[in-house]
Amino acid sequence: MTSVKGRWSLSKERKEELIGELTPELRMLRVKADMTQEELANIIGLSRQTYSQIESGNKVMSWNTYLSLIFFYQSLEETARLLLAFDVYPEKFIDQNERGG
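Below is a summary of the structure that appears in this document. (Residues numbered from 1 in each chain as written. Predicted model: local features only at pLDDT ≥ 70, side-chain atom pairs only at ≥ 80, totals over all residues. Heavy atoms only, no water.)

### Points about the packing of aromatic side chains
On inspection of all chains with the given rule, the structure shows 2 aromatic pairs. Summarising the aromatic geometry, the rings of Trp 63 and Tyr 66 are spaced 4.6 Å apart at their centres and angled 15° between planes, so their arrangement reads as stacked. Of this pair, Trp 63 and Tyr 66 both sit in helix 6 (residues 63-74), 3 residues apart, which is roughly one turn of the helix. We classify Trp 63 as buried; its relative accessible area is 19%. (Phe/Tyr/Trp six-rings, centres within 6.5 Å; stacked < 30°, edge-to-face > 60°. Helix = DSSP H or I, 4+ residues; strand = E, 2+ residues; numbered from the N terminus. Buried < 20%, exposed > 50% of the residue type's maximum accessible area, 1.4 Å probe, protein only.)

### Considerations on the pattern of salt bridges
Tallied over the full model, the rule gives 3 salt bridges. With its nearest N and O atoms 4.0 Å apart, the salt bridge here joins Glu 16 to Lys 12. Taken together, the residues Glu 16 and Lys 12, both in helix 2 (residues 12-22) and 4 residues apart, mark about one turn of the helix. With a relative accessible area of 47%, Glu 16 lands in the partly exposed category. Ionic pairing is found between Arg 14 and Glu 17, a salt bridge with its closest N-O pair at 2.1 Å. Remark: Glu 17 and Arg 14 occur in helix 2; sequence separation between them is 3 residues, near one turn of the helix. On the basis of relative accessible area, Arg 14 is assigned to the buried category, the value being 17%. (Salt bridge = Lys/Arg side-chain N within 4 Å of Asp/Glu carboxyl O.)

### A closer look at helix 7 (residues 77-86)
What helix 7 keeps buried is the set Thr 79, Ala 80, Leu 83 and Phe 86. Buried residues along helix 7 cover an arc of 135° about the axis, so they all sit on one side. Exposed side of helix 7, more than 90 degrees from the buried face: Glu 77, Arg 81, Leu 84 and Ala 85 are the residues found there. Looking at the buried side of helix 7, the elements it contacts are helix 2, helix 3 (26-32) and helix 6. Trailing helix 7 by a residue or two, Asp 87 shows a phi angle of about 60°, which is positive. (Arc of directions from axis to C-beta. Contact = heavy atoms within 4.5 Å.)

Below, the structure is given as structure tokens:
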């Protein structure tokens, strides 16, 4: 049986890949959720300016910001399926890790 820590252990490189895959989709996800940058930034604890830089690709988001966005968008019916289609939800990779993939 794999420990909880082992299942949630992703390399720095894998985290960077996931962040890089999510970043180009941020605007579409936000629009689909019918939110402004300011509204979303407030929900995830960032300034609108910082979120705007992330969404435009001028700033790399932290892993904590990535997780906040993933968990937020996963909670919305309008965007949950998009996350799966974009292949940016870390659970898939954690499951593969457990199977040795």
